[in-house]
Amino acid sequence: MVGAGLVGSLEAVYLAKRGAQVHLFEYREDIRTMEHVPGRSINLAMSVRGLGALRKVGLDEHVKQEYGIPMNARMIHSPRGETSAIPYGKDGQAIYSVGRRYVNEILLDEGEKHDRITMHFNHKLIKADLDTPELTFERRGELGEGEERVVVIRPDLVLGCDGAYSTVRKEMMKKPRFNYSQEYIPHAYMELCVPAVAGDFAMPPNYLHIWPRGQFMMIGLPNQDKSFTVTLFMPTDVFSGIKDGLSLLDFFTEHFRDAIPLIGKEKLVEDYFNNPALPPGQREVLPLPRVFLRPHHGGRGPRHGALLRPGDELRDGGLPGAGGLPRQGRRPRRRPGALQRPQEP
């Protein structure tokens with residue numbers, strides 16, 4: 001298993017429960033020991049499908065009852081600052097605001113309970129022969145006594161769970177008749193924060209707050225420390241048009257008027273232009289890539305080579321053909337040409 005993020009750590013537990021010996025390799029160090037985890041930090045709005053995936057490893061009730069913050073409805077913020085709620089379902093139904101890092105950590109904790117799972121952190125995949133299959137990793141950081149810098153393994157099956165910029169996928173791209181394309185959508189995103197006020201939430205907490213504005217939008221999810229993670233999605237040219245604090249405040253006054261006192265003028269300008277992780281004056285505007293690939297497996301087939309699984313397909317019980325859920329437990333296949341309901345941002 002290459003990648004110990006949300007997908008890799010969850011799939012490792014699925015396979016171990018079915019009797020497989022799993023080696024989980026991760027480029028980063030163990031995130032449970034890190035003060036700051038680089039990469040995407042957007043909160044997760046976890047719905048019944050995500051909870052269904054966690055139910056298979058016994059973590060759904062913990063997330064619902066002990067950690068997640070229920071969001072019973074969308075709270076729509078108009079340009080004038082007026083608000084209106086749109087429920088997600090019937091009374092008592094909700095989606096849950098959870099931290100991406102926290103879910104990843106409890107999945108790793110769950111994995112450590114299984115003798116069949118061995119975790120290898122600080123291992124960078126540098127070469128892959130998907131026909132054998134054979135994987136070559138480079139250990140990062142200091143080596144322990146007797147450890148080699150380069151590690152070569154020959155597994156029965158390789159699962160690429162290493163994200164949008166997958167190294168496993170790059171190896172699959174070297175194969176003939178492997179179709180792949182990547183494009184960046186016109187939008188990017190930036191994270192801001194609504195701090196707690198006197199130890200409490202600044203907005204009603206049991207909502208997913210949304211500021212819809214046509215070509216751009218802002219959302220706010222409640223956190224366990226009573227703050228809100230606010231994510232601004234806009235076309236890159238709109239981000240580029242905001243040059244200084246004055247133009248930023250003018251922009252927010254026009255489009256997100258009620259958010260200014262919630263974030264605070266000084267904090268808004270500071271967070272927008274001066275991220276401490278970046279050089280002075282450089283904004284952290286993160287791109288959003290879209291990836292298409294076919295087929296999802298390489299080598300000698302799905303059971304004998306590499307299998308690249310989108311995280312969306314792992315939520316309901318793991319690998320098809322490896323003891324997964326019966327068809328009625330999975331999302332039904334969509335008929336060609338059938339309409340789909342729009343997904344919540």
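That block above? That's the structure.
Now for a quick tour of the structure. Just so it is clear, the structure is predicted and the values come from calculations on it, not from any experiment.

1. Some thoughts on the pattern of salt bridges
Alright, step 1. Scanning the entire structure with this criterion turns up 13 salt bridges.
Alright, step 2. In this structure, E82 engages R80 in a salt bridge whose closest nitrogen and oxygen atoms are separated by 3.1 Å.
Alright, step 3. Of the charged contacts, one joins K174 and E171 as a salt bridge, the two residues approaching to 3.2 Å between their closest N and O atoms.
Alright, step 4. Using a relative accessible area of 60% as the deciding quantity, one classes K174 as exposed.
Alright, step 5. Connected via shared salt-bridge partners are D30, R32, D109 and E112.

2. With respect to helix α1 (residues 6-17)
Alright, step 1. Between its first and last C-alpha atoms α1 spans 17 Å; for twelve residues at 1.5 Å apiece the expected length is 16 Å, and the two agree.
Alright, step 2. Most of α1 is tucked away: nine of the twelve residues are buried.
Alright, step 3. Those residues of α1 not exposed but buried are G8, S9, L10, E11, A12, V13, Y14, L15 and A16.
Alright, step 4. Packed against the buried residues of α1 are β1 (22-25), α2 (48-55), α4 (100-112), β7 (117-120) and β11 (158-160).

3. Some thoughts on the sheet that holds strand β9 (residues 134-139)
Alright, step 1. Read across the open sheet, the three strands follow the order β8-β9-β10; overall the sheet is antiparallel. The open sheet has two edge strands, β8 (123-129) and β10 (150-153), and neither has a second partner. Strand-to-strand twist of the sheet, defined as the mean angle between neighbouring strand axes without regard to direction, takes the value 25 degrees.

Calculation notes
- In this convention, every chain numbers its residues from 1, walking through the sequence in written order.
- Note on the predicted model: pLDDT of at least 70 is required for a residue's local features to be given, and 80 or more for side-chain atom pairs to be given and counted; whole-chain, interface and lining totals, by contrast, use all residues.
- Side-chain measures here rest on the full set of heavy atoms in the structure, leaving out hydrogens and waters.
- Each salt bridge in this description consists of a side-chain nitrogen of Lys or Arg and a carboxyl oxygen of Asp or Glu lying within 4 Å of one another.
- When accessible area is computed with a 1.4 Å probe and restricted to protein chains, residues below 20% of their type maximum are described as buried, those above 50% as exposed, and intermediate ones as partly exposed.
- We count a stretch as a helix when DSSP gives it H or I for four or more residues in a row; a strand needs E for two or more, and each element gets its number in order from the N terminus.
- Take the residue count of a helix, subtract one, and multiply by 1.5 Å to get its expected span.
- Any two residues having at least one pair of non-hydrogen atoms within 4.5 Å are treated as being in contact.
- In this analysis, strands are considered paired if DSSP registers two or more bridges between them.
- Interaxial angles span 0 to 180 degrees and are taken between N-to-C directions of axes, which are lines fitted to C-alpha atoms, for helices over the stretch in contact.

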